[in-house]
Amino acid sequence: EFDHVVGMTDHSFGGKDVDTSAFRRMVWLYVHRVYGIVHDDFNYQLVNTLFTDPNIVKIVKSFVKRTAGHPETFLSSHFYEWGYPVD
C-alpha cells in the first residue's frame, strides 16, 4: 500500500505536465526532518535549490512544517498568506 501511495501523481504542477518525483521525494524527506529523522544520503541543501524563487522555497517549507507538524492549526487563510486564494 505504501508504494502505491508514494507513486500516486497526476504528473502535473501548475497545470503543466511535469515529473513531480523530485518534489515529492523532497517533501517526504523534509517531513522526516521536521520529525527529527535525518537521512545521511540526502543533501538537504537541495531543498533550497528545487525552486528558483526563494519565496516559493519559503512557502513550501512553511506549508510542510505546518501541515506535517501541526495540522490542527492549518487554516484556509494560510493559503492567502502563501498567495493562493481559496474560494
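Residues numbered from 1 in each chain as written. Predicted model: local features only at pLDDT ≥ 70, side-chain atom pairs only at ≥ 80, totals over all residues. Heavy atoms only, no water.

(A) Representation of the confidence of the model for the protein chain within the structure. Mean pLDDT over the protein chain stands at 79; residues scoring 70 or higher make up 87%. Mean pLDDT across the elements of the protein chain bottoms out in helix α1 (residues 2-6) (65) and peaks in strand β2 (residues 16-17) (84). (pLDDT = per-residue confidence, 0-100. Helix = DSSP H or I, 4+ residues; strand = E, 2+ residues; numbered from the N terminus.)

(B) Inspection of helix α4 (residues 54-69) at higher detail. Between the first and last C-alpha of α4 there are 22 Å, a value that for 16 residues agrees with the 22 Å anticipated at 1.5 Å per step. Residues Val57, Ile59, Val60, Val64 and Ala68 constitute the buried set of α4. The arc that holds the buried residues of α4, viewed along the axis, is 165°, so those residues lie on one side. In α4, the exposed residues that point more than 90 degrees away from the buried face are Pro54, Asn55 and Lys58. Measuring from the backbone nitrogen of Asn55 back to the side-chain oxygen at the start of α4 gives 2.8 Å, which picks out Asp53 as the cap. (Expected span 1.5 Å × (residues − 1). Buried < 20%, exposed > 50% of the residue type's maximum accessible area, 1.4 Å probe, protein only. Arc of directions from axis to C-beta. Polar contact = N/O pair within 3.5 Å; in protein donor to acceptor, adjacent residues only side chain to side chain.)

(C) Quick peek at the packing of helix α2 (residues 21-34) against α4. Across the interface, α2 lies against α4 with an axial gap of 10 Å and an inter-helix angle of 55°. Viewed along their axes, α2 and α4 adopt a mutual orientation that is oblique. At the point where α2 passes α4, the crossing takes the right-handed sense. On the side of α2, the interface is formed by Phe23, Met26, Val27, Tyr30, Val31 and Val34, while α4 contributes Val60, Lys61, Val64, Lys65, Ala68 and Gly69. (Axes fitted to C-alpha atoms, helices over the stretch in contact; angles between N-to-C directions. Parallel < 35°, antiparallel > 145°, perpendicular 65-115°, else oblique. Left-handed = near helix turned anticlockwise from the far one by under 90°. Contact = heavy atoms within 4.5 Å.)

(D) Layout of α2. Relative to the 20 Å expected for 14 residues at 1.5 Å per residue, α2 spans 20 Å between its end C-alpha atoms, a close match to the ideal helical length. Where α2 is concerned, the buried positions are Met26, Leu29, Tyr30 and His32. Buried residues of α2, viewed axially, fall in a sector of 150°; they line one side. Contacts from the buried residues of α2 go to α3 (46-49) and α4.

(E) Local environment of the nonpolar core. If you look at the biggest cluster of nonpolar residues, it comprises 10 residues: Met26, Leu29, Tyr30, Phe42, Tyr44, Val47, Phe51, Val57, Val60 and Val64. For this core, the secondary-structure elements that each account for two or more residues are α2 and α4. With residues up to four places along the chain from it excluded, the contact list for Phe51 reads Phe13, Phe23, Ile56, Val57 and Val60. (Core = buried A, V, L, I, M, F, W, Y, C linked by side-chain atoms within 4.5 Å.)

(F) Looking closely at the packing of aromatic side chains. What the rule picks out here adds up to 2 aromatic pairs. Taking the centre distance of 4.9 Å and the plane angle of 85° together, the rings of Phe42 and Tyr44 count as edge-to-face. Phe42 gets classed as buried once you look at its relative accessible area, which sits at 13%. Ring centres of Phe63 and Phe74 lie 5.9 Å apart, and the angle between their planes is 85°; on these two criteria the pair is classed as edge-to-face. (Phe/Tyr/Trp six-rings, centres within 6.5 Å; stacked < 30°, edge-to-face > 60°.)

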